[in-house]
Structures are given as structure tokens and as C-alpha cells.
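Structural overview for review
Residue strings, one per chain:
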Amino acid sequence: MVKAIESPAIGKHDLSEDRLRWMLRNMHLQRTLDNRGFQLNRQGKIPFALGSEGHEAIHAGAAAAFNRGKDLLVPYYRDLGLCVGIGMEPLDVLLSMFARAADRSGGRQFPNHYTNKALGLQSFSSIIAAHVPHAVGAAYVMKLRKEQGRAVLCTFGDGSTSEGEWHESINFAAIHKVPIVFLCENNEWAISTPRSKQMAARDIVDKAIGYGLPAMKIDGMDPIAVYLGLREALERARNGDGPTLVEAICYRFLSHTTDDDDRTYRSREEVEKFRPLDPVPRFEQYLTDNGIMTAADIEAMKREVLAEVNDVTDRAEAMPFPDASEMYANVYEGTHEPWL
Amino acid sequence: MVKAIESPAIGKHDLSEDRLRWMLRNMHLQRTLDNRGFQLNRQGKIPFALGSEGHEAIHAGAAAAFNRGKDLLVPYYRDLGLCVGIGMEPLDVLLSMFARAADRSGGRQFPNHYTNKALGLQSFSSIIAAHVPHAVGAAYVMKLRKEQGRAVLCTFGDGSTSEGEWHESINFAAIHKVPIVFLCENNEWAISTPRSKQMAARDIVDKAIGYGLPAMKIDGMDPIAVYLGLREALERARNGDGPTLVEAICYRFLSHTTDDDDRTYRSREEVEKFRPLDPVPRFEQYLTDNGIMTAADIEAMKREVLAEVNDVTDRAEAMPFPDASEMYANVYEGTHEPWL
Amino acid sequence: MAVATSGTTTMNNVEAVRHTLYEALKADDRTLILGEDVGARGNVFLITKGFIEEFGPERIIDTPLAEASIAGVAIGMAMEGLRPIAEIQFADFIYPAFNQIVGEAAKTRYRSNGDYTCPLVIRTPYGGGIRGALSHSVSIEALFYHVPGLKIVAPSFPADMKGLLNAAIDDPDPVLFLEHKKTYRLVKGEVPQGHYTIPIGKADVKREGDRLTVVSYGFYIHQALEAAAQLAGEGMDVEVIDLRSIRPMDRTTILASVRKTRKLLIIHEDNKFGGIGAEISAMVVEDAFFDLDAPIRRLCGPDVPAMGYALSLEEAFMIPVPRMAEAMREMVNF
Amino acid sequence: MAVATSGTTTMNNVEAVRHTLYEALKADDRTLILGEDVGARGNVFLITKGFIEEFGPERIIDTPLAEASIAGVAIGMAMEGLRPIAEIQFADFIYPAFNQIVGEAAKTRYRSNGDYTCPLVIRTPYGGGIRGALSHSVSIEALFYHVPGLKIVAPSFPADMKGLLNAAIDDPDPVLFLEHKKTYRLVKGEVPQGHYTIPIGKADVKREGDRLTVVSYGFYIHQALEAAAQLAGEGMDVEVIDLRSIRPMDRTTILASVRKTRKLLIIHEDNKFGGIGAEISAMVVEDAFFDLDAPIRRLCGPDVPAMGYALSLEEAFMIPVPRMAEAMREMVNF
Ligand SMILES: Cc1ncc(C[n+]2csc(CCOP(=O)(O)OP(=O)(O)O)c2C)c(N)n1
Ligand SMILES: Cc1ncc(C[n+]2csc(CCOP(=O)(O)OP(=O)(O)O)c2C)c(N)n1
Ligand SMILES: [Mg+2]
Ligand SMILES: [Mg+2]
């Protein structure tokens, strides 16, 4: 049942050159937006930021396999690139960082906790794994309504698989064969907790067996491998053949958040060991090696992305904070509890 | 990793004839006590009873493998025979049914929810799977204290494996390799929910893989197979080699409790299909076939068991109910909250 | 009460809930039921008996034994446009779903600033007096009523059951629907035919009087009415308010009554410390302090973890009618 | 306060908790710490930094990311004779452990009639004002204080932190130990050296006065004291009680104060409806109704699901010192 997608998957895909360039752009956009958060935090302009360096290939690959306007995404906080990849505006990322009134959560949510119903991006909380049953419920609705050709993509980290709610949700999905893909972004760490303290299983895909589910292990540092794996898993779901558990191996290059300092719990040697796998230069190399982009093209792309990020930063920063009275909106439909 | 114990395990065990007779007696004791509960309920003497017909072999076999005075049992409500098998007095079973003051919970707990610290029988609640982390914590204490030769036996039903707390507990135990055996009494039903609606996994042992644990599937209708399997798993735990998940296949011949009516959700044909596997006559047959007991011996044993059950019934019934003031005892150590 | 009906039918509370669920399933294919043993078994109180045959296993879902996912999957369904009606088999088993209810359902609309909503009903039987012992008897309202974003109703007359369950199903926000299991077959009443709703957040004066206001709900509202009837025989007219909704709470009705009677007695089965009665008392003191002629009194369950299985322990926990009547007399004569 | 000490040391709240945990680990090998990231990382606030090196990974357990098992495994340890100190990384993440805490820990002694006990401490940082947004800011005390069998403390001065944490670790029953994270580094104070305990269930009059009683706890006790100091400058002496323990609650100290000042203002960060203030008010009305010269007032967090991330929203949620002073003035002048 457990299947591996070969990596690098050169020549084994159907992606157009445009699409490949789009994927690289998404990766740069993610990294640039990430960096912007850290910069703004250092400048004291925002109190908190969170990066996903090392997850870019997962996000670009998964976004490429996602059917916009059809599929539904139920992500977690480490999915900036994936959310942008399915159509979220970079401006929305900055509005979230700056907690401006125009942010879709009205400046309520922590950065990186997006919502966008129009895009099929389900609102989620910071509570680890609490979104997984919601994703399953959403997939159940697709099945109940016999909506062929739609699927839910639900993501989470390696640590998240320890939660009881994760277990209950996967089990429910497997029993009802709902159209869903569970994508574990395995970056080896949950804040300071290494995988060896998180589970005794050899691989996260091993967990699928106990739910009677097919599983797939992929190189999460290769966007094409991710694309191929996700496409297959999503197609299976869309065709009514039920859920798949996908494990994408990646690495968290940064500290957990700006509140964390990873030097307190992992060696620089370990981080350096993973550096050569960094998906961005690796994918650039692939594109230049295969004549799809030149070094100059890539430089131009980076400049263009930076300009866009600069632009949305300025625009977001200039926008107003939510008004204090907004605190009382949307507790319930209509007014706030009138008796209080 | 998944291993099966052959069944029937005739001639492959080290059990003395006395021990085998003891096992049969335990099975009769369980069934007679079970029946007593149902009788008392029909007579209107107790409002509730719960039987474990079909689980006798698991209980007798597990009890035979349990080291009294060393091991710890963290059972669930369907374990009457197991609790009696590790030394609980039949009188305590009746005191629990009658909710008398002398019941170890002071008449507080539902029938079949025992506690007996002196025997190493941990108190548990009716909340499904909530006891599993307690068992793991207890096993952690054994490991921390380097208490060689001790293990925890924790039981639960097939339905219980769906709970998040079950998942979290097994995972914790596996990571820390604590001395514990998880024994799933798989009777195919959780009240009216068949296993097919409970999980998509083929076997419950499949679940062990995702935790990196060894597993064992045994014929839970054969007390010798259960004994052999449990002995091996408990020995592994006692030797510091960590947990095992044991699946013992049995059948729940009765309704879930006296409040249930299984005819509303399963066919009589299904129940009859399992009848030939009934562990009591099957084990009797084995004992007579092998010249360990005669039919007359068995009849005598049954009469003796019945006499004992009659005796403890009368004694328990004659005892007083808890005094109303007892309600305030043991909320906290010492007195009840004084400020109220 | 928006009623469009020709007549009434006599029902007990089980029948009222069953009838209302059935009508909802018939009327709106966005509704479905999920919970443990709600299918072939028809729920442990037979409330959904026969539904799976009529509506099929996709709309009457026998879930795995896992409460967090019952609530959590239902939330996901609600976020995507269904009107799921989740069941927790006994209120005592709702604790594993606490995170989903309090952390997720109650915050869905708020955290997304209205982008997503969670029109979900969670039904569960609660309360004691039925020999349910430690884990089939608890009251849970006080563990949830502090949570903004949630609504909680606890009707106990068949007509209220129907009207409030319909309102809960129609409600665009998550509603915890509490059914006192002791009233299930004990309490019968006339239920209007046809579809109607009773607004969530409105208490109901079940008996008028001017000497004392009694606020209660659940099984005890029936006992309180019995006690009040006794007092009426003694010439003391006590006003009895059935709270029905716990959040939002009907401050207006309670205050109007207290301003009239000048005395307030709160009766509930749940433990006293931190129970619903605390908020009712605090609310009334805030707004009607100078209208009170006597200290507000709470007659509540004892502060012990649960009621015991032994009849003697259960009886010690529950408050019988004579004790209620005695407390009312004391208050009237204060 | 049973103190055996030569002197004091200045500490902030983080240091006080850290120091107390360290001493407990040294003194009693039945103690251990378990939680997420308590090992090499030394907890997200660095409270346990260095402990794993000194006490080893068997006593400083980096658990999997699973709160129900953190509480549940700790319960099993406590039942078998250890004194586990479990940590929930942020109070907002305690919901998944609700079943274990409320259904199991609080009922262990009761359901076994004393055969088994559960001497467990669960520490968790709570409260807002630190830009923690929806899920790193909640107050949780009102979700647990209704539960018999549990104890809840929420000290907010370093000396109280130490005395009450020692008492919690010694306590034979489960204690929820709440640390307001905004006070962690902000609040400094003298901490007596040596081992001492402060009895759980005793409030502390942090400032004496005769014109008004103010009851608060957590971060707000510090703000309330600031406001009271302002009022003292205006000639109004307000008595400020630091609740410290939420269950058991110190009725005696509160009542004695209210009987003296004849007015009561309760201030807490947690939402008002069904919060701790409701019980304090109801309790005082029950026992000292005729001693009151004014309605009891509650100045509390707004009834919204959580505080938002934007500074404007967080500030709207929190109650600044001037608003507290204004409420006090109004009460004094009532
Ligand atoms: C229920 C809950 N417990 C704890 C936390 C604190 N926390 C936030 S992220 C995190 C680690 C998550 O690790 P993983 O799932 O591997 O995702 P990653 O951050 O590595 O992408 C923890 C413990 C939380 N948000 N929710
Ligand atoms: C948390 C929780 N949910 C639901 C129940 C109600 N309930 C009691 S027993 C049971 C079925 C248990 O099935 P299984 O684990 O297979 O054990 P069996 O009774 O078959 O031995 C259920 C749903 C409960 N006691 N606790
Ligand atoms: Mg991770
Ligand atoms: Mg079963």
C-alpha cells in the first residue's frame, strides 16, 4: 500500500515550462514573504512571524496539483506558500502580518492563519490537529452531495499526528472513504521535539496501515515529486477511491517562530547537513540544467517578486487597524448577545 | 512484527492440570456471576447488569499469565472474569452489583467498575479509553523505578481503539518502551456499531505498525492460546523490551447491557454462527478429551461455583446501603470543601 | 412562538425530540444526524429508531466511538453548508469533544470574522435521578455556559423541546441542546402540530405569582412547579420561571419577575459552586439590588464530583419536592 | 505562611516558578516534569531550562504533541505514587485534556472512595495582553472552577508563586496551577529562601482599606493595586484582595472585608458571564446581603470568544488602570 514517488522526477511529469516557472515563482514568493515577516519583526513593526523555509517544494508542488475553484484546502500555519499557490493574494499575507482591519479575519488571527471561503481555503485555529476533523467533514459533504471531481487537501506537521483528534479524523475518513488527501509536512521537528520523541514508528506512512489507508512517501524537497504524488492522491480522492496519507519529507530550516531559538535544541551541523537539500536552489538548478530558465531569468524573477512584496508591504502597512468596536462583531450572527 | 498464536494450543503449554482446572473454574465463576447479575436485574433487585459471555477465555487465560502481587491490571467494565481471576473476591462483585456500603467504591461506581489497590487493580471510569493513559503512566513508574519483572496489563474493547486518548496513550508507551501489554478484547461490536463502521483496518493488530510496536493476534475463545500469548507479551514487558498490542478475537454473546436489546441491530443467525466457538463448552471438551476432568467433575465444579455465588449473593444483599452522609466523603483528602 | 398549526398531539419528551428530528430530516436535506449507535439501534433511547432505514446511512451516521471527531467532523460539515445534528450519547461523554466545541465551534465565526460559520446542533442527554451513577448522570451546562460563541438550551416540556430544537437547527451558530433524561418518558404534554420555533434566549413563566420568583430548568422545573402548586394550596403564589435557554440568558424576564416578587430562589440539579445560579444571582444583584427584599438563595446539587450509584447516594444528591417547597416557604416568609 | 528562611531573593515570576520546580525536583524523587518542549528547549518561557541536563530525560519528559495523554499519563503516575508536574504549553491547549482533568483526575479519589488518589499538578500559562491573539491568550479558570475534586490556584506575586506551587506539589489532590504570562517577567518581588508553603484556599489582603473591597487575581491584581494607590492619593482607602486560590475559594476573607467596607467590586480579565465573579457575587449576597450598601459590581473581560491579534483589539479587550480606578471611584462614591 505504501508507495514512493521517485525523486528527482525529471522528465516523468506533464508540467509545462510555464507551469514549472510558475512553481519556482511561488517558491520565491513564499521565501520572500517569509523573510519580510522576519524583517518586519526585527524592525519592531510586527510582534511575531513564522517562516516555512524548507517547505517551499511541498507548497509549490501541492498547489500545482490543486484544482482551483473545485478543491478545498484545509491547511495549517506553516502553509504560506501553499495558500498563495492556490490563489491567495500576497497583500493578504501582509495584512495578516500587520493585523490590519482589511485582513480577512479582521486582524483577529495570528499571522499565517488565513481564511478565504471564496478560494476554498478553510479557516483554522492554532490548536494543533483541530482542523483535521473539519477537513474530513468537508470531504464528507462532497461525498454526500456526489460532487465528482472535487477533493479536500488537508495538511499538518509531523508532530500533529500525535494528537487524538488527528487519529479520530483519519479513522473517520477511512471508514467513509471520503475524498481527501492528508498531507503530512514532515520537517523532523515539532518546535524542539525531534521525531524520535514524537513517535516510535519508522515512517509516518506506517501510520496509514492501521487505518486501512494507502500511503505515499515523497521527497518534499522536490516540487515535481510532490506534484506527481499529490496529483495521484488527489485524483484518487476525486474519483471516489477514498483518502490517501502522503508523507512529504522536508526540513524546517528556521526556528519554529520568531519566539523560538532553535540553537537551544539542535546543532548547527544538523541544519547544515540539510542545506544541500534546500528546495529552492535545487529546483533552480533543475530548471537551468534543463534549459527552462537562465540564471538571468531567475534573477529577474526574484527582483519582480521582491518588488511585488515591497509593494504589498507598503500598501498593507498604510492601512488602518481594526476599530476597537469591531471586537463585538461576529460573535454570533447579527448583533452581540443583547442581554449583556 | 505481527505474530499469531496457534489455536487450539493443545500440548504446547506448560500449564499444570490444576491450573487448567482453575482456569475452567474461573470461566464458570464469571459466567455464573454474570448470570446472577441478569437474574437480579430481572427480579428488580438491581437496576443494571452487564455480562461478558464470550470473553471467558480471554479472562481466564490472561489471569493465568498475570503475576499476582507484581503486575498491575488496568481493566475495563467487561472484565469481571479477569478481575476475579487476579484475586478479586466474588463477594466484591455482588457488593458492586448491589451498591452496598461495603463495596470498595462505597456503592458509588456502576457495577463492574472495580477498584482494588491492594491487588493492583486500578480504579477506572466508564469513559471509554480514558484509563489507557493511566495504565501507561503506571507502567512509566515501573520503568522509572527500574522495577524489573513487573508489567501493566491494560484491556479495552475494539470500539475503544477509535478514541483519541487510546491513540495518544499507545504512542506514548511505544516511545518510552514502558512495560505494558495492551489487550484488545475484540468482540466485533461496540454496542450496536459493528467493526466495519468502527474502522477500515482489516485487523486491530494492523494498528500496532503505526506505533512501531509488535503485535499478536490470538484466538480469544481459547484460554490456552490467550495464556500463551499474554505470557509472552507480559514477559517481554517485564524484561524491559517494551509494549505489545494483543488482539484477542472473541464475541459478545449477550446484549451490551441490560439496557440494550441486541436484536434491534444484529441477526440471530450471526449470534448462532458464533455459538460453536463458545469458550466454555470448548474448553470443557478439551479438558475431558485430554482426561483432565470428567463430565462429573465439571458438574461438581459448577455446583460448587453456584453455591459460592449463592452464598455471596445472600451475604451481599444483607449488607447495608451507604449512608447518605457518605456522599461528602473523599471529594478531597480530609474534609469536604469547608467553605461551602 | 411562531405557530402555524391546526391542533396538538400528546407526546413525551423522547417523542417530541424524535418527531422534531424526523420532520427536520424530511424538510431539509442539509440536515443529517451523526453519533454513536444512532443507526440500527436508533440511539440508546430509541430517539432515532427507524431513521437509518428511511434516510439511509449517509444521513444517519453511526460514528466510530470518538467524540472529538463527532463534534469535529460535524463542524467541518457545518462550515461547508450542512446543518449537522450531532449526538453525544450521554453528556458525560462530551468531555473529549470539549476542544472541538469550545475551541473550534464557538470560535469559527469569530476567528474568520464571519467568513465561515458553524450552524451545528449538538444534542445530548444529561442529568440524574435514573441510577446512572458517576458517568451517566452529570449536568454539563456550567462547563459550557461561560463560552461566548456558543448557545445552550435545556428545555424540558415537549412543546418547548420541539420549538427550541427547531430553532436550534435553524440557528446559524452552534447550539448545545441539553435533554434531561429523567424527563424523557416521565414528562408528557401537548405539542402543536406543524413547524414552529421558540426563540433561543427566552425564558418562560410557567406559573405566575407575586410572593417569590423561582428560576429553574431541566427535571427540577417540574418538581419546582409541584412544590409551587403545594404552596398555592397554602395561599402563597410563587412565580416559576423555566429558564429554557442558558446562553443567551433571558435577563429581561427574570428581572421583571424579581422586581414584582422582590425575592429570588434559584433551583438547579447541577453543583452549586460556579453553577448557572451564580450568574443569575450576580446578574440580578447588578440590576435589581434595591428591588430585593431578601438575599437571593440557591438550592442546588451538592458540591461533590457526581452522584453515586447506590439509591441512598443518588437520593442524597437529588432535591425532592418537599425540600423545594420548604425553601420556597422560607423565602416567602422571610 | 510556614516560612523557615534566613532571607529573601528578588525574583520575577518566571524565576520563582523555575526556582520552586528546581527545589522540588532536588528534594523529592517522586516529582517529575512532563510536557511539550520542557526538555532541551527548557519550556517556551525557559522555565525548565537546564533541567533535563541535571535530572535526565526520564524525569524531564518531552512528551509527544498530545495534551490528553500529558494529563492522562500524569494521572496514572500520580495514582501509582509519583508527584508528577505536568505542563500544558499554553492554557489554550488544555481543552483536549479536559476529559482527563475533569472526568478523571477530579474523580479518581471520589470514584474509588479513597482507594486511589491523584496528587497531580498541572501548570499552565494563561491570560492575555501579550499579543497572543485568539489561541495564546485565554483565561480558563471558569471552565474548571465548577468541578468538585479539583483545586485551582492563580498566584501572581513571586512569593505567592513559590508558596502555592510548593503547596500544590505537596497536595494529595489534583491542582491546576495557573500562571499569568503577562506577569512572568513584568512582576518582580522578594521571595523567601528555603522551603515554605502557602495554604491553598487562602486569599491575601494585599492592601487594606475601608471604603470598598476589590477582589481580583492574575495580572489584574497588579493593576487593581495601582488603581487603589491612585485612589489612596485621592483620600479613598480601598481594600484589595488577591484571590490567589480559585477553588477552594476563601469565603471568610472576602466576607470579613465586605462586612467592613460594605461594597464589593470584582475585577477579572476572563469574560464576565459565568466567570469567577459570578460565584463571588452570589456567595456574598447569600451571606452578607444586609451588609451591602451598593450593588456588587463586576468589571470583567468582554463576552467575546477571545482577544484579537491587532493591538487595537487587544487593548479593547483588556481593562487599563484608569478604567479600574474610575470603577472604584464610582463605587466609593455610590
Ligand atoms: C493543541 C496544541 N498544543 C500545542 C501547541 C503549541 N505548538 C504550536 S506548533 C507546535 C509544534 C507543531 O509541530 P508539527 O506538527 O511538526 O508542525 P511544524 O511546526 O513542525 O510545521 C506546538 C507544540 C498548539 N498550537 N496546539
Ligand atoms: C467516551 C465514551 N463514549 C461512549 C460511551 C458509551 N459506551 C459505553 S460502552 C460502548 C461501546 C464500547 O465498545 P468496545 O470498546 O468494543 O467494548 P465492548 O463493550 O464491546 O466490550 C459505548 C459506546 C462511553 N462509555 N464513553
Ligand atoms: Mg514538524
Ligand atoms: Mg467490542
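Residues numbered from 1 in each chain as written. Chains lettered and ligands numbered in written order. Predicted model: local features only at pLDDT ≥ 70, side-chain atom pairs only at ≥ 80, totals over all residues. Heavy atoms only, no water.

1. As for the overall build of chain A
Within chain A, the secondary structure is distributed over 12 helices and eight strands. The globule rule puts the C-alpha radius of gyration for 340 residues at 20 Å, and the 20 Å found for chain A is close to it. Its C-alpha atoms give chain A principal-axis dimensions of about 55 × 50 × 40 Å. Sorting the 340 residues of chain A into buried and exposed places 66% on the buried side. Pairs at least 24 residues apart make up 75% of the contacts formed inside chain A by residues separated by at least 6 positions. Carbon and sulfur atoms form 50% of the exposed surface of chain A, whose accessible area is close to 11,100 Å². Where the 39 positive side-chain charges of chain A centre and where its 48 negative ones centre are 3 Å apart. (Helix = DSSP H or I, 4+ residues; strand = E, 2+ residues; numbered from the N terminus. Rg over C-alpha atoms; globule rule 2.2 N^0.38 Å. Buried < 20%, exposed > 50% of the residue type's maximum accessible area, 1.4 Å probe, protein only. Contact = heavy atoms within 4.5 Å. Areas by Shrake-Rupley, 256 points an atom, 1.4 Å probe, with all protein chains shown as cover. Lys, Arg positive; Asp, Glu negative; His and termini not counted. Charge placed at Lys NZ, Arg CZ, Asp CG, Glu CD.)

2. What about the relation of the copies chain D and chain C?
Once chain D is rotated about the relating axis by 180 degrees and shifted along it by 0.0 Å, it coincides with chain C to within an RMSD of 0.0 Å. Taken together, the rotation angle and the small translation identify this as a two-fold axis. (Least-squares fit on C-alpha atoms with pLDDT ≥ 70 in both.)

3. Brief notes about the nonpolar core
Residues Phe-144 and Met-328 of chain C together with Phe-144 and Met-328 of chain D are the most contacted members of the largest nonpolar core, which totals 358 residues. Not counting residues up to four positions away in its chain, the partners in contact with Phe-144 of chain D are Ile-94, Phe-98, Ile-101, Val-102, Leu-150, Ile-152 and Leu-176 of chain D. (Core = buried A, V, L, I, M, F, W, Y, C linked by side-chain atoms within 4.5 Å.)

4. Here we look at the domain arrangement of chain C
Size of an interface, as often reported, equals the accessible area lost when the parts are brought together. All names here are of chain C. If you check the domain split of chain C, you get domain 1 (8-192) and domain 2 (204-332). Contacts between the two partners involve 32 residues from domain 1, matched on the other side by 27 residues from domain 2. For the pair domain 1 and domain 2, the summed buried surface comes to about 2,500 Å²; carbon and sulfur atoms form 59% of the total. The three residues of domain 1 that bury the most area against domain 2 are Arg-131, Tyr-145 and Phe-157, which together make up 28% of that side's buried surface. (Domains from an automatic or database assignment. Buried area = accessible area lost by both parts, 1.4 Å probe.)

5. A closer look at the coordination of the magnesium ion (ligand 3)
Residue and element names in this part refer to chain A. All of the protein donors around the magnesium ion (ligand 3) are Asp-158 (OD), Asn-187 (OD1) and Trp-189 (O); their distances to the metal are 2.0 to 2.1 Å. Sequence spacing among the residues donating to the magnesium ion (ligand 3) works out to D-x28-N-x1-W. Each member of the pair, Asn-187 as well as Trp-189, is classed as buried. (Donors = N, O, S within 2.8 Å, 3.2 Å for Na, K, Ca; no water.)

6. Focus on the site of ligand 1
Neighbouring residues of ligand 1: 21 residues in total, closest Tyr-76, Tyr-77, Arg-78 and Ser-160 of chain A together with Glu-67 of chain D. In this structure, ligand 1 is bordered by residues of chains A and D. For ligand 1, an oxygen atom lies 2.8 Å from a polar atom in the side chain of Asp-158 of chain A. Here an oxygen atom of ligand 1 and a side-chain polar atom of Ser-160 of chain A are 2.6 Å apart. Considered on its own, ligand 1 offers 580 Å² of accessible surface; in the complex 97% of this is hidden by protein. The residue inventory of the shell around ligand 1, partitioned by class, reads nine nonpolar, seven polar and five charged. (Near = heavy atom within 4 Å. Polar contact = N/O pair within 3.5 Å; in protein donor to acceptor, adjacent residues only side chain to side chain. Nonpolar A, V, L, I, M, F, W, Y, C, P; charged D, E, K, R; others polar.)

7. Brief notes about the site of ligand 2
Of all residues adjacent to ligand 2, which total 21 residues, the nearest are Tyr-76, Tyr-77, Arg-78 and Ser-160 of chain B together with Glu-67 of chain C. The environment of ligand 2 is shared, with nearby residues belonging to chains B and C. In this structure, a nitrogen atom belonging to ligand 2 sits 3.1 Å away from a main-chain N or O atom of Ile-128 of chain B. When ligand 2 sits alone it has 590 Å² of accessible area, and the protein chains cover 97% of it. Split into classes, the residues belonging to the shell around ligand 2 amount to nine nonpolar, seven polar and five charged.

8. Some details on the sheet that holds strand E7 (residues 151-153) of chain C
The strands that make up a sheet are held in pairs by hydrogen bonds between backbone atoms, and each pair lies either parallel or antiparallel. Residue and element names in this part refer to chain C. With mixed pairing, the seven strands of this open sheet are ordered in space as E4-E3-E5-E6-E8-E7-E14. Since the sheet does not close on itself, it has two edges, and those belong to strand E4 (60-62) and strand E14 (245-247), each with one partner. Ignoring strand direction, the axes of neighbouring strands in this sheet form an average angle of 20 degrees. Of the strand pairs in this sheet, strand E5 (residues 83-87) and strand E6 (residues 121-126) are connected by three bridges, and their pairing is parallel. In the strand pairing of E6, Ile-85 is matched with Val-121. (Pairing = 2+ DSSP bridges. Axes fitted to C-alpha atoms, helices over the stretch in contact; angles between N-to-C directions.)

9. Considerations on the interface of chain B and chain C
Facing the 41 residues of chain B at the interface are 32 residues of chain C. Among the residues of chain B in contact with chain C, Phe-110, Lys-197 and Met-327 of chain B are the three that bury the most area, contributing 20% of the side total. Put simply, chain B and chain C have two salt bridges between them. Every element with two or more residues in the side of chain B that touches chain C is listed here: helix H4 (90-98) and helix H7 (195-198) of chain B. (Salt bridge = Lys/Arg side-chain N within 4 Å of Asp/Glu carboxyl O.)

10. Comments concerning helix H1 (residues 13-27) of chain D
All names here are of chain D. For H1, which comprises 15 residues, the first-to-last C-alpha distance of 21 Å matches the rise-based estimate of 21 Å (1.5 Å per residue) to within 8%. Taken as a whole, H1 has its buried residues at Asn-13, Val-14, Ala-16, Val-17, Thr-20, Leu-21, Ala-24 and Leu-25. With a side-chain oxygen lying 3.1 Å from the backbone nitrogen of Val-14, the N-terminal cap of H1 falls on Asn-12. (Expected span 1.5 Å × (residues − 1).)

11. Observations regarding helix H2 (residues 56-65) of chain B
Residue pairs three or four apart in sequence face the same way in an α-helix, which turns once every 3.6 residues. By the criterion of burial, H2 of chain B is predominantly enclosed, with 10 of the 10 residues buried. For H2 of chain B, the full list of buried residues reads Glu-56, Ala-57, Ile-58, His-59, Ala-60, Gly-61, Ala-62, Ala-63, Ala-64 and Ala-65 of chain B.

12. Topic: the packing of helix H1 (residues 17-42) of chain A against helix H9 (residues 223-238) of chain A
Residues and elements named next belong to chain A. In the contact formed by H1 and H9, the axes pass within 11 Å of each other and the chain directions differ by 110 degrees. Taken together, H1 and H9 sit at an angle that is classed as roughly perpendicular. Of H9, the residues touching H1 (which contributes Leu-20, Met-23 and Met-27) are Pro-223, Ile-224 and Tyr-227. Each residue belonging to the contact of H1 with H9 can be placed in one class, and the counts come to six nonpolar, no polar and no charged. (Parallel < 35°, antiparallel > 145°, perpendicular 65-115°, else oblique.)

13. Quick look at the interface of chain D and chain C
Every contact between the two is made by 47 residues of chain D and, on the other side, 47 residues of chain C. Interface of chain D and chain C: buried area, both sides summed, is about 4,300 Å²; carbon and sulfur atoms make up 68% of it. Viewed at the interface, chain C and chain D are joined by eight salt bridges. With its nearest N and O atoms 3.0 Å apart, the salt bridge here joins Glu-286 of chain C to Arg-298 of chain D. In this assembly, chain D and chain C are joined by 12 residue pairs in polar contact (both at pLDDT 80 or more). Broken down by secondary-structure element, the contributors of at least two residues to the side of chain D that touches chain C are helix H4 (98-104), helix H5 (108-111), helix H6 (141-144), strand E14 (245-247), strand E15 (264-271), helix H10 (276-288) and strand E16 (297-301) of chain D.

14. Digging into the environment of Gln-122 of chain B
Here Gln-122 of chain B shows up in the loop between H4 and helix H5 (132-144). Taking relative accessible area as the criterion, Gln-122 of chain B reaches 0% and is therefore assigned buried. Considered as a pair, Gln-122 of chain B and Pro-47 of chain B are 75 residues apart in the sequence and their alpha carbons are 25 Å apart. Beyond its immediate chain neighbours, meaning those up to four positions away, Gln-122 of chain B contacts Leu-72, Leu-73, Val-74, Pro-75, Tyr-114, His-134, Ala-135 and Ala-138 of chain B together with Gly-76, Met-79, Glu-80 and Tyr-116 of chain D.

15. Section: the pairing of strand E12 (residues 212-216) of chain C
Residues and elements named next belong to chain C. In terms of burial, E12 is largely enclosed, as five of its five residues are buried. Of the pairings in the sheet, the one linking E12 to strand E13 (residues 238-242) comprises five bridges and is parallel in character. The partner of Val-214 across the bridge, within E13, is Val-240. As a crossover connection, the stretch from E12 through helix H8 (residues 219-233) into E13 is right-handed. Note: E12 against strand E15 (residues 264-271), three bridges, orientation parallel. Counterpart to Val-215 in the pairing with E15 is Ile-266. (Right-handed = clockwise from strand over helix to strand, strands pointing away.)

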